[in-house]
Amino acid sequence: PGWRRGLLINGAGALTTFAVMLVVGVSNFTRGAWLVMVLVPILVWILASIHRHYEHVRRSLELDYIPEGKEVSRDPIVIVPIARLDRPARQAVAFANSISDNATAVHITNDPDAADELRRRWPEWAGTTELVIVESPYRALIGPLIAYMDALQRQDPSRPIMVVLSEFVPRHWWENLLHNQTALRLKLRLFGRRNTIVADVPYHLN
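Residues numbered from 1 in each chain as written. Predicted model: local features only at pLDDT ≥ 70, side-chain atom pairs only at ≥ 80, totals over all residues. Heavy atoms only, no water.

Visitor: Whenever I open this one, the packing of aromatic side chains confuses me. Can you help?
Guide: Describing an aromatic ring pair means giving the distance of the ring centres and the angle of the ring planes. By the definition in use, this model includes one aromatic pair. With centroids separated by 5.0 Å and ring planes inclined at 45°, the aromatic side chains of tryptophan 122 and tryptophan 125 adopt a geometry described as tilted. Residue tryptophan 122 and its partner tryptophan 125 are located together in helix α4 (residues 112-126), separated by three residues, close to a single helical turn. Of the two residues, tryptophan 122 and tryptophan 125, neither departs from the other in class, the shared state being buried. (Phe/Tyr/Trp six-rings, centres within 6.5 Å; stacked < 30°, edge-to-face > 60°. Helix = DSSP H or I, 4+ residues; strand = E, 2+ residues; numbered from the N terminus. Buried < 20%, exposed > 50% of the residue type's maximum accessible area, 1.4 Å probe, protein only.)

What follows is the structure, encoded as structure tokens:
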């Protein structure tokens, strides 16, 4: 009841406020009013965009109903990138063998002599686990590894790839700044890759 009277009062208040905003904004634009007139709409747009993002994610992830039957996932292709023969790598290979009968260790190198030495010692060190050596120019690691994974997945696109990473844990937290940077960069790159699973196997130093 009385909505017309309320509309008239509120409309007059809105017009008055708008007029004051214009007068103050124009007369004080160069003395700081531009911050409010420019940054506040930008801030409102950013907050609205964040809200739309959260709503989109919620709608994309929510489960309207429980499907009949159980989820069936194909066995992943398991690979273990290794840099050298050491304890963390051996632990990662052992974990990979525990979840797959066909795990493959992948060594990226630009040193043929080091690759030959690794290939020679591999049977006594890792048993029957397959070793693949990928030659890489300019000491690059992530690019050749991604290319190798792409080649594997082209053979069977529906099959996921699990990358088992070996990573040792230093005794002090600040020592992490000196180590594991390659593993961190690789994880960041792999997390954005579709149909890829990343498993981190920590090795704790005594």
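Visitor: When you look at the environment of leucine 177 in this model, what are you seeing that I'm missing?
Guide: Checked against the element boundaries, leucine 177 lands in the loop between β4 (161-169) and α6 (181-191). Judged by its relative accessible area of 65%, leucine 177 is exposed. Sequence separation of leucine 177 and arginine 84 is 93 residues, and the distance between their C-alpha atoms is 21 Å.

Visitor: Just to check I follow, could you spell out the sheet that holds strand β5 (residues 196-204) for this structure?
Guide: Whenever strands of a sheet pair, they do so through backbone hydrogen bonds, lying parallel or antiparallel. Reading across the sheet, the five strands line up as β3-β2-β1-β4-β5 and stay open at both edges, with parallel pairing between neighbours. Across the chains shown, the open sheet's two edge strands, defined by having one partner strand only, are β3 (130-135) and β5. When the angles between neighbouring strand axes are averaged without regard to direction, this sheet yields 30°. Alignment of strand β2 (residues 104-109) against β3, held across six bridges, turns out to be parallel. Looking at the pairing, isoleucine 108 lines up with valine 134 of β3. The strands touched by α6 are β1 (77-82), β4 and β5; relative to β4, the strand with the most contacts, the crossing angle is about 155°. (Pairing = 2+ DSSP bridges. Axes fitted to C-alpha atoms, helices over the stretch in contact; angles between N-to-C directions. Contact = heavy atoms within 4.5 Å.)

Visitor: Help me understand the pairing of β1 in this model?
Guide: Successive side chains on a regular strand alternate, one facing one side of the sheet and the next facing the other. Most of β1 is tucked away: six of the six residues are buried. Here β1 shows a buried face lined by Ile77, Ile79 and Pro81 and a second buried face lined by Val78, Val80 and Ile82. Here β1 runs beside β4; their pairing, made up of three bridges, is parallel. Within β4, the residue paired with valine 78 across the bridge is methionine 162. Judged from the four bridges that link them, β1 and β2 form a sheet pairing that is parallel. The residue of β2 that forms the bridge with isoleucine 82 is histidine 107. This β-α-β element, β1 to helix α3 (residues 87-99) to β2, shows right-handed connectivity. (Right-handed = clockwise from strand over helix to strand, strands pointing away.)

Everything listed is a geometric property; what it means functionally is a separate question.
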